[in-house]
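# Notes for the structure review
One letter stands for each residue in the lines below.
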Amino acid sequence: MDTLANVAHGFGVALLPVNLLYCFIGVFIGTLVGVLPGIGPISAMSLLLPVTLSGTPESGIIMMAGIYYGSMYGGSTTSILVNIPGEAASVVTCIDGHQMAKQGRAGPALGISAFGSFIAGTFALIALMLVAPKLASVAIAFGPAEYFSLMVLGLVVLTFLTQGSMPKALLMACIGVVLGLIGLDSITAQPRLTFGRMELIDGIGLVPVVMGLFGVAEVLLNTEQAIKRDIINARITQLLPTKEDWKASAGPVGRGTLLGFFLGILPGGGAVVASFASYALEKRLSKTPERFGHGAIEGVAGPESANNAAAGGAFIPLMTLGIPPNVVMALLLGAFVIHGLQPGPLLITQNPGLFWGIVASMYIGNVMLLVLNLPMIGMWVQLLKLPYNILFPLIILFTILGVYCSSNNVFDVYVMIAFGIIGYFMRKLGYEPAPLVLAFVLGPMMENNLRKSLILSQGDLWTFVQRPISAVCLAFAMALLIAPLLPSLRKKRELVALDEGA
Amino acid sequence: MPRYGLKTIAFAAMHAVMGALLSTAASAQDYPTKPITLIVPWPAGGSTDISMRAIADSASKVLGQPIVIDNKAGGGGTVGPATMAAAAKPDGYTISQIPITVFRLPLMQEVSWDPAKDFTYIIHLTGYTFGVTTSAESQFKSWKDVVEFAKANPGKVTYATPGAGTSLHIGMEQIAGMSGIKLTQVPFKGGAETNAAVLGQHTMLQADSTGWRPLVDAGKLRLLMVWTGSRSPNYPDAPTLKELGYPMVYDSPFGIAGPKGMDPKIVAKLHDAFKKAVEDPAVVATLAKYDMVPNYKNTEDYKKFVVEVTESERKVIETLGLAKK
Amino acid sequence: MTNQTNKLRLNNSELWGGLIGLALGGFVIWSGMKLKLGTINDPGSGYVLFYTGILMCVFAGSIIVSALTEGGPTLASRWENVRWSKPLLLIGCLVAFSVALEPLGFLLSSIPLMLLLLRLIDPVRWTLAIPIAVLVPTGMWWVLKRLLLIQLPSGLFGIG
């Protein structure tokens, strides 16, 4: 009953007209920022941080939070429409989402990702209200050894992302790890693989890599075909998901939400692993896994829900421990401190109005986002009716602008163009980009945590098996690797076993 | 499309190009005409990040342009300044916080920058309060317990730092050397990570600046010592290094700098803006939340200070046997 | 897809993919060794690179082996029945653009790029191509500069 009173109190705060206005501004900016590839929530929030200083702490933080989860809604739009993921978590959405768009089903794809996001977001908030304090311990249960094993599990997921040959996918993953390690070593500060190029000291940016490998390479592939491209705009049947779509998506949305919420609690990389893992899970559970990669709606519904639930879960370590799990949350922490508040174990008890007000405002914000996003689907689908010979130069221009704006760096534009060309030849030779991107994100974290855990265990590799959470992650990874081997002992799949030594 | 449309469009484009030509004459006089990027070489949300955000916010009001914080963490706070020294133009639109590791790391290994040559030092701002904490559930009730345990189990005591070669790493190694014990350092990427590490008891100790404050206040972490000259008013029970018998003070003072070769007029503008910022009561209040005290030095004094620090660091590094071969 | 089985043919695309992978793997191993492997108690900067390099060689090796034993599509067959000259033109335009971007600035390099893309691949009529090529980059430039305060490269002539 205590919780109910608190929730009521929270809605009292959130429904104040000024807070409603801030909430709307926040989710509106968030949607815009999410749709524009490159300009992520981070740059928008740091630019707007000073603006929030004028109001009360509640309204400022409500707006900042709105930008964050608002951008999660918009993030899938460009992935589905033109195969340009704005962030790592949307890479998975590209795989089946863009295929759906090509088949004239952009509407249902966008629709299911909006509804899935809404359901996941709402669930994450209810969970946040009920169990936030209890789950705080989950965030700190993960030490270097646990993270390493989680990253291994994340990387194993890539074997489900691929439709072609397994050695090729694994080779791509290794290249992803190596590309991710370029730059100064975060433990010893030694430059690695920088070839004396100063621009590489900071590593290669994720945004130019994904935009090149997906966006630009896709355009290059499409220009080969004179006739086929019309398929994109030929038959757009309906705008919203049908009953069958809903039936197919219900399970993925539910599972994705749970997966995303729990992985979102973990500081660092949770959302990315969650969206990739959800895709793998759905493909594994599906009776027709061969449809994945060719426009399966489950492959959009699951990851998109996971992505948004993770955004909710990410609030738990921040609100309860004062530990921000990602850069966006850290900016929110900054907003708290600038307003004279210190998120930590005492925040909920000392400032109940603030905590519950923010949570309630996020609930309202989610409703606003759904109302805001659904009418936009029609508009986005109209975009695909543009003839491709006009559309593709615009796509190229937008990727260039998006990459430049994400870092203000011309070098990143070169990187994107280079990866676009590499991506084109990769696709021509049957190498897929998704494993590379996943490994690019997880590889450096895996390396860093491996080295830290070996320092901690003084070189004892058993530490990964002796620690229960780590052991569970590794067991899952093993199971995922072995499962495809059991029914058919096909020669090609045997190579997967080699990866266990990694 | 009708024909006159083309003409109108061509006219509009001409107009845009002309306007662009007129608006480019940017110089030191007009500085700043666009947002300034301040590199904070620590993860967002740590004590440095938040205090720099407060300072930058106040300074941006003086400059009349927003200051965008760019968190480039890693390498014990050297990745950011090193990137800036290598890649940024000395136009005053990219500046960086300069942690003490920028002077220390070149003494320990091959690096891509030279602290004496590659930066234009602007202003010295403040320093940290460092402390060593342990989980509230830990067997260590005081620093003495740690020393005793470490004597019995050499190398078994692990401590999390925000990076190799940080003051926390060097300080802990000095303490260990003086007590005749062996400790194992685990380098993380900043306050948020070390908090989680010690709270989850992945490492036994945490050596970090005051990012641990909310957790100590909530009784989840136990503060074993502080590294300031005198006891912190917020934590009167925590002994200083001197009281524990280690004659040292560590506060890692820091300032800001730009790439080498900046226009002195721009340096002066930035100096004045940031000087006003550290005097701003709101900033002083934010700094106090992390037990930071403004430690202002002007551009000239900062340059001298860099030389002094480099020398004193050299001695410490050599005594500890960490100097590069 | 044409899947001819050409054993031990040099134009086998699988073979070349594997060889490139093997070369990259070798390079990564070499870089890893140069960066120092460290010990298992305290792995060095090159530790993970070294082992990743070995894995790369293993996977590339298995690609090569299956290319040799099972054959694979020829390089030419990958580009059969498609307009291979179009992506090549597009790549040329993009490379030219990246060379021009810094000296000429965003506006002076992206307007010609747009014009080339609109006219070269699947020609759009001039009356449509010119307005799009001029207006879209200029409009985006204006929005970014004025509303979002993002400065795009202005080049030697300071236009933009």
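Residues numbered from 1 in each chain as written. Chains lettered and ligands numbered in written order. Predicted model: local features only at pLDDT ≥ 70, side-chain atom pairs only at ≥ 80, totals over all residues. Heavy atoms only, no water.

### Examining the sheet that holds strand 6 (residues 157-161) of chain B
All names here are of chain B. Worth spelling out the cut-off: Each pair of strands is called paired provided DSSP finds at least two bridges between the two strands. Strands are runs of DSSP state E lasting at least two residues, helices are runs of H or I lasting at least four, and both sets are numbered from the N terminus onward. Between N-to-C directions, angles cover 0 to 180 degrees, with each direction set by a line fitted to C-alpha atoms, over the stretch in contact for helices. Should any heavy atoms of two residues lie within 4.5 Å, those residues are counted as being in contact.
In space, the five strands of this open sheet follow the order 7-6-8-5-9, with mixed pairing throughout. Two strands bound the open sheet, and with one partner strand each, they are strand 7 (183-187) and strand 9 (221-226). Strand-to-strand twist of the sheet, defined as the mean angle between neighbouring strand axes without regard to direction, takes the value 30°. Packing of helix 6 (residues 167-179) onto the sheet brings it into contact with strand 5 (130-135), strand 6, strand 7, strand 8 (205-209) and strand 9, and relative to strand 6 it is tilted by some 155°. Here helix 7 (residues 191-199) sits on the sheet in contact with strand 5, strand 6, strand 8 and strand 9, set at roughly 155° to strand 8.

### Notes on the state of the cysteines
The condition is simple: For the purposes of this analysis, a disulfide is any pair of cysteine sulfur atoms at a distance within 2.5 Å. Exposed residues in this analysis have more than 50% of their type's maximum accessible area, buried residues have under 20%, and partly exposed residues fall in between, with area computed by a 1.4 Å probe over protein chains only.
A complete count under the given rule lists zero disulfides over all chains for this structure. Note on A:Cys174: no disulfide assigned, nearest cysteine sulfur contributed by C:Cys57 at a separation of 9.6 Å. Since its relative accessible area comes to 6%, A:Cys174 is described here as buried.

### Some remarks on the packing of helix 6 (residues 106-141) of chain A against helix 12 (residues 243-265) of chain A
Residues and elements named next belong to chain A. As a reminder of what qualifies: By definition, any crossing whose near helix is turned counterclockwise from its far helix by less than a right angle is left-handed, and any crossing with a clockwise turn is right-handed. In the scheme used here, Gly and all other residues not listed as nonpolar or charged are polar, with Ala, Val, Leu, Ile, Met, Phe, Trp, Tyr, Cys and Pro taken as nonpolar and Asp, Glu, Lys and Arg as charged.
Between helix 6 and helix 12, the shortest axis-to-axis distance is 8 Å and the interhelical angle comes to 35°. Crossing geometry of helix 6 relative to helix 12 is assigned as right-handed. A per-class count over the contact of helix 6 with helix 12 returns 18 nonpolar, three polar and one charged.

### A look at empty space enclosed by the protein
All names here are of chain B. The condition that has to hold: Grid points spaced at 1 Å over the protein atoms alone were grouped into cavities, where a 1.4 Å probe fits but cannot get out, and pockets, open sets with protein on both sides within 12 Å along at least five of seven lines, with lining residues defined by an atom within 4 Å of a point. Grid points are joined across faces, edges and corners, and a volume is the space filled by probe spheres set on the points. Source of the domain bounds: an automatic or database domain assignment.
Inspection of every chain in the model, using the stated rule, returns seven cavities of 30 Å³ or more. Taken as a whole, the largest cavity encloses approximately 210 Å³ of empty space. Surrounding the largest cavity, 22 residues form its lining, Trp42, Thr48, Tyr128, Pro162 and Ser209 being those nearest its centre. When residues of the lining of the largest cavity are traced back to their parent elements, those giving at least two are helix 2 (47-63), helix 6 and strand 8. For the lining of the largest cavity, the leading source of residues is helix 2, giving three residues. By residue class, the composition of the lining of the largest cavity is eight nonpolar, 12 polar and two charged. Counting contributing residues, the lining of the largest cavity receives three or more from each of domain 1 (36-127 + 253-320) and domain 2 (130-226).

### Comments concerning the side chain of B:Ser58
Residues and elements named next belong to chain B. To keep it simple, the criterion reads: Contacts described as polar in this section are N or O atom pairs within 3.5 Å, which, within protein, must combine one atom able to donate a hydrogen with one able to accept it, while residues neighboring in sequence count only if both atoms come from side chains.
Mapping Ser58 onto the fold places it in helix 2. You can call Ser58 buried: its relative accessible area is 7%. Only 2.8 Å separates the side chain of Ser58 from the side chain of Asp280, close enough to count as a polar contact. Those residues in contact with Ser58 that lie beyond four places of it in its chain are Ala277, Asp280 and Val283.

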